[in-house]
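An overview of the molecular structure
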Amino acid sequence: MPNYKKTKAACYLGLITQAISAIFAPLLFLKFHNDYDISLGNIALISTFFFFTQLLVDLSSCSG
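Residues numbered from 1 in each chain as written. Predicted model: local features only at pLDDT ≥ 70, side-chain atom pairs only at ≥ 80, totals over all residues. Heavy atoms only, no water.

Points about helix H3 (residues 40-62)
Heads up, the condition is: In this description a helix means any DSSP run of H or I spanning at least four residues, a strand means any run of E spanning at least two, and both kinds are numbered starting from the N terminus. The span you would expect from a helix comes to 1.5 Å times its residue count less one. Each residue is placed in one exposure class: buried if its accessible area under a 1.4 Å probe, protein chains only, is under 20% of its type's maximum, exposed if it is over 50%, and partly exposed if it falls in between. Contacts were defined at the residue level, with two residues in contact if any of their heavy atoms lie within 4.5 Å.
With 23 residues, H3 extends 33 Å from end C-alpha to end C-alpha; this agrees with the ideal 33 Å at 1.5 Å per step. Residues of H3 that are buried: Ile 43, Ser 47 and Gln 54. Contacts from the buried residues of H3 go to helix H1 (5-27) and helix H2 (29-36).

Structure representation (structure tokens):
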């Protein structure tokens, strides 16, 4: 049976990197709001989109 330890580690590292990038946007909410005059509700949609995208990717990667 093939050994996929390195492949699995790379996949998990990719998931962690994706999670960090998705969490980074909410830290800039007030900056986006003040600099670009975007409502906080619209900015919150960015995080919602990231969350559901990450959830779908995580679920699809764990089902194999």
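Looking at a nonpolar patch on the surface
Our working rule: To count toward a patch, a residue needs a relative accessible area over 30% and no salt bridge; like charges are then connected within 9 Å, while nonpolar side chains (Val, Leu, Ile, Met, Phe, Trp, Tyr) are connected within 5 Å. Note on areas: Shrake-Rupley, 1.4 Å probe, and residue coverage restricted to the protein chains presented here. The term salt bridge refers to a side-chain nitrogen of Lys or Arg lying within 4 Å of a carboxyl oxygen of Asp or Glu.
A cluster of nonpolar side chains, Phe 51, Phe 52, Leu 55 and Leu 59, forms an exposed patch at the surface whose accessible area comes to about 410 Å². You can see Leu 55 is positioned in helix H3. Leu 55 gets classed as partly exposed once you look at its relative accessible area, which sits at 36%.

Limitation: the analysis is restricted to geometry and does not speak to function.
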